[in-house]
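# Per-entry structural report
So the chains spell out like this:
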Amino acid sequence: MKLSTYNFLTSMAIKGVKVGYPLKLTINKKDVIESEFNPVFIERLLPKLDWSAVYGAAQVAELAEDIPAAQPENIAEDEQLLQRLHHLLFEIDVLEGQLECPETGRIFPIADGIPNMLLNEDEV
């Protein structure tokens, strides 16, 4: 699972959950897979990102020193930061781990890079 995907996942479909975001991420195994950097794509993605979730993912991925805690206003002008953000969101691949609903504590396992977000009948 790429960390760009993590930024958009929620457990709001669980019965009684109001927000379900951001999910608590635990990484047990990760890989780095290089990909081509496209600064325009990263710039266009910025408005869709929840920066606190991005920074939280950076902390869990042990890259917090590369990503500021608050989104800089001039981020589109900082190509080095855009490259670090690209690395975090598109080159870090979570192979094994889990996602946890912040409201219910429900665990969603990540196996072979795929988060299992399927719910049981009694959860919907």
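An unreviewed UniProt entry annotates the protein chain as Multifunctional methyltransferase subunit TRM112-like protein originating from Drosophila virilis. What the UniProt record of the protein chain gives under Sequence similarities (unreviewed entry) is the line "Belongs to the TRM112 family."

### What about helix H3 (residues 51-60)?
All buried positions along H3 are accounted for by Trp51, Ala53, Val54, Ala57 and Ala58. Buried residues of H3, viewed axially, fall in a sector of 160°; they line one side. The secondary structure elements touched by the buried residues of H3 are helix H1 (3-6), strand E1 (24-32) and helix H4 (79-91). Positive phi appears at Glu62, one or two residues downstream of H3, with a value of about 60°.

### Digging into unusual backbone geometry
Cis geometry is found at the peptide bond from Tyr21 to Pro22, where omega equals -10°. Counting through the fold element by element, Pro22 comes out in the loop between H1 and E1. Here the phi dihedral of Asp112 falls at roughly 55°; this positive angle occurs in a residue that is not glycine. Relative to the assigned elements, Asp112 resides in the loop between strand E3 (107-111) and strand E4 (114-115).

### A closer look at the side chain of Ser4
As for its position among the elements, Ser4 is in helix H1. The exposure class assigned to Ser4 is buried, which follows from its relative accessible area of 10%. Here Ser4 is in contact with Leu89 and Phe90, once residues within four sequence places are set aside.

### A short note on the sheet that holds E1
Each strand in a sheet pairs with another by means of backbone hydrogen bonds, the pair being arranged parallel or else antiparallel. Pairing within the open sheet is antiparallel, and its 4 strands lie in the order E1-E2-E3-E4. Strands at the two margins of the open sheet, each flanked by one partner only, are E1 and E4. Note: strand E2 (residues 92-100) against E3, 4 bridges, orientation antiparallel. Paired with Glu100 across the bridge in E3 is Ile107. Contacting E1 and E2, H4 runs over the sheet at an angle of about 70° to E2.

### Quick word on the nonpolar core
Within the largest apolar cluster, 33 residues are counted, with the highest numbers of intra-cluster contacts made by Leu3, Leu25, Leu85 and Leu99. Elements supplying a minimum of two residues to this core: H1, E1, helix H2 (39-45), H3, H4, E2 and E3. At 6 residues, H4 tops the list of elements feeding residues into this core. Not counting chain neighbours up to four residues away, the residues in contact with Leu99 comprise Met1, Tyr6, Leu9, Leu23, Lys24, Leu25, Arg106, Ile107, Phe108, Ile110, Pro115 and Met117.

### Thoughts on the pairing of E3
Only one face of E3 is covered, namely the face carrying Phe108 and Ile110; the face carrying Ile107, Pro109 and Ala111 is uncovered. Note: E3 against E4, 2 bridges, orientation antiparallel. Each residue of the ladder has a partner; that of Ile110, found in E4, is Pro115. Count of turn residues in the E3/E4 antiparallel hairpin: 2 residues, of which Asp112 carries a positive phi of about 55°.

Definitions and cut-offs
Residues numbered from 1 in each chain as written. Predicted model: local features only at pLDDT ≥ 70, side-chain atom pairs only at ≥ 80, totals over all residues. Heavy atoms only, no water. UniProt positions renumbered as here; feature names shortened; annotations may be inferred. Buried < 20%, exposed > 50% of the residue type's maximum accessible area, 1.4 Å probe, protein only. Helix = DSSP H or I, 4+ residues; strand = E, 2+ residues; numbered from the N terminus. Arc of directions from axis to C-beta. Contact = heavy atoms within 4.5 Å. Pairing = 2+ DSSP bridges. Axes fitted to C-alpha atoms, helices over the stretch in contact; angles between N-to-C directions. Core = buried A, V, L, I, M, F, W, Y, C linked by side-chain atoms within 4.5 Å.

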